[in-house]
Amino acid sequence: MNAFKVLKTLTLALLVTVAFTACDEDSDNPITTDPEVAAPTNLEAGSADGAVFLSWTPSVDESEENFGTYSISILNLSTNQTLPTPITVGKGVNSVRIDGLSNGIQYAFTVRSVTDLGNESTDFAMIEWSPAVRNDLDADNNLIRVYATTSTSFNSAIDLYNDAGMSEVIPQSGTEFTERGDLFVFASSSSSTLSLRSPAEANNQGLETQFSNASPVDIDDLDDQLASDPPADGSYTLKEITLDNGTVTAGRVYWGRLVRGSDYFYFRLLLKKGSNGRLVQGSGNDRYVEMVVSFQNAPNNPFAKR
């Protein structure tokens, strides 16, 4: 064999050896990748007592092998401080209740997707919201029941948030009503339609309450009523809300605000569906509505910072 053939053979053998060595090294040290995963979308929120509910549309990348969790960071907008430990929510979960917050304080909630290796998504979903006082019972620890003005036996107005932070049923007459009545249930007769009215519309001219013209939401639990925004400020144009006297499929949520000087105090009312299948319960002169109250005790805070 001449020298050229020997050199050619040795060169081919060296190339084969290098190739096999490279394959061995790749199998021992495989190249790893951690592609970014998309953030969730359509973030919504709702107020609870000392808590906020969040819900979102899952990330389109949840099915990716490297998708890990959702991470929620919380910024206190009053102090501009971020809570020290983000909240982690597992893959396949698209809602969470965040407790340990302060009523009336505005928070910014930011939700990102995170890979198994801890790589957070560049994009994110964000919403600003506040917890709010929740009263399911009145100041006497009874169901919050407000009777129509035709009733002579029962009180027919309410102080939504008294000095003790409770919803208190009060008479629809006299100084007590004039000074702290927030709304009453009006009926012109024992068979007429009922309405929620501002006390300023009563003969003795009480305080002013404004109701939103936003479409009410049919639901049985305020915890389930989430949104991306509260009703717009310009929607609070109504002095009364006429109540449906027919059968309903669920309770109904309405929005309002109290006008106190230059300040507004916002609230949600859930009118409960009665055993008769209606929002209006009872009969004759003694018809009534039963409610749950969510009240923002911080002025000018319509649940979310706009």
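Before any of the text, the structure's been laid out above.
Throughout, a residue's number is its position along its own chain's written sequence, starting from 1. Given that this is a predicted model, residues contribute local features only at a pLDDT of at least 70 and side-chain atom pairs are listed and counted only at 80 or more, while totals for whole chains, interfaces and linings are drawn from all residues. By convention in this description, side-chain values take in all heavy atoms of the structure and omit both hydrogens and water.

> Looking at this structure, how should I read the sheet that holds strand 2 (residues 51–57)?
DSSP-based pairing: two strands are paired if at least 2 bridges between them are found. Secondary structure elements are taken from DSSP: a helix is a run of H or I of four residues or more, a strand is a run of E of two residues or more, and numbering for both begins at the N terminus. As summarised here, the arrangement of the 3 strands in space is 1-2-6, forming an open sheet in which the pairing is antiparallel. Strands at the two margins of the open sheet, each flanked by one partner only, are strand 1 (41–48) and strand 6 (95–98). Strand-to-strand, the axes of this sheet are offset by a mean angle of 15°, without reference to chain direction. Alignment of strand 2 against strand 6, held across 4 bridges, turns out to be antiparallel. Residue F53 lies in a different strand from strand 6, and its bridge partner there is R97. Fitted lines through C-alpha atoms serve as axes, helices being fitted only where they are in contact, and the angles separating the N-to-C directions of these axes extend from 0 to 180 degrees.

> So what exactly am I meant to see when it comes to the pattern of salt bridges here?
Any two side chains of opposite charge can pair, on the condition that their charged atoms come close. One speaks of a salt bridge when a side-chain nitrogen belonging to Lys or Arg is within 4 Å of a carboxyl oxygen belonging to Asp or Glu. This model, assessed by the stated rule, comprises 12 salt bridges. Of the charged contacts in the structure, one is a salt bridge between E290 and R145, with a shortest N-O distance of 2.8 Å. Taken together, the residues span a long stretch of sequence, with E290 in strand 20 (residues 288–295) and R145 in strand 10 (residues 144–147) at a distance of 145 residues. Residue burial is assigned from relative accessible area. The probe radius is 1.4 Å, only protein chains are included, and a residue is buried under 20% of its type maximum, exposed over 50%, and partly exposed in between. Relative accessible area serves as the criterion here: at 8%, E290 is assigned to the buried category. Each of the salt bridges in this network shares a partner with another, and the network as a whole consists of D159, E168, E176 and R180.

> Hey, could you run me through the nonpolar core in this one?
Across soluble globular proteins, nonpolar side chains have a tendency to be buried as a group. Core analysis: the biggest nonpolar cluster contains 32 residues, and L54, W56, I72, I98, F109 and W129 have the highest contact counts within it. Where this core is concerned, the elements lending two or more residues are strand 1, strand 2, strand 3 (67–76), strand 6, strand 7 (107–115), strand 8 (125–129), strand 18 (252–260) and strand 19 (263–271). Sorting elements by how many residues they give to this core places strand 3 first, with 4 residues. Whether two residues are in contact is decided by their heavy atoms: any pair within 4.5 Å suffices. Apart from the residues within four sequence positions on either side, I98 is in contact with G50, A51, V52, L54, I72, I74, I87 and F109. The next biggest cluster of nonpolar side chains, apart from the first, holds 26 residues, and it includes V146, A148, A187 and L279. As used here, the term nonpolar core means buried Ala, Val, Leu, Ile, Met, Phe, Trp, Tyr and Cys residues forming a set that is joined through side-chain atoms within 4.5 Å.

> I tried to follow the side chain of S167 on my own but got confused; where do I start?
One can find S167 in the loop between strand 11 (157–159) and strand 12 (168–170). Looking at S167, the relative accessible area reads 0%, which means it is buried. Any N or O atom pair separated by 3.5 Å or less is treated as a polar contact, with the protein-specific requirement of one donor-capable and one acceptor-capable atom, and with residues adjacent in sequence counted only for side-chain atom pairs. There is a polar contact of 2.7 Å between the side chain of S167 and the backbone oxygen of L160. If sequence neighbours within four positions are ignored, S167 has contacts with N135, L137, D138, A139, I144, I158, D159, L160 and V293.

> Just checking my understanding: could you explain the pairing of strand 20 for this structure?
It is a general feature of regular strands that their side chains alternate between the two faces of the sheet. Within strand 20, 8 of the 8 residues are buried, which leaves the element mostly enclosed by the surrounding structure. Side-chain alternation along strand 20 places Y288, E290, V292 and S294 on one buried face and V289, M291, V293 and F295 on a second face that is also buried. Here strand 9 (residues 133–135) runs beside strand 20; their pairing, made up of 3 bridges, is antiparallel. Pairing of R134 across the sheet is with S294, part of strand 20. Relative to strand 20, strand 10 runs antiparallel, the two sharing 4 bridges. Residue pairing for strand 20: R145 is matched across the bridge by E290.

> Explain the sheet that holds strand 14 (residues 195–197) here, please?
With antiparallel pairing, the 5 strands of this open sheet are ordered in space as 12-11-13-14-17. If you trace the sheet from one side to the other, it starts and ends with strand 12 and strand 17 (240–242), each paired once. Here the strands of the sheet are splayed against their neighbours by 25° on average, with no regard to which way each runs. Two strands pair when backbone bridges link them, and strand 13 (residues 183–186) and strand 14 are joined in this way by 3 bridges, in the antiparallel orientation. In the strand pairing of strand 14, V185 is matched with L196.

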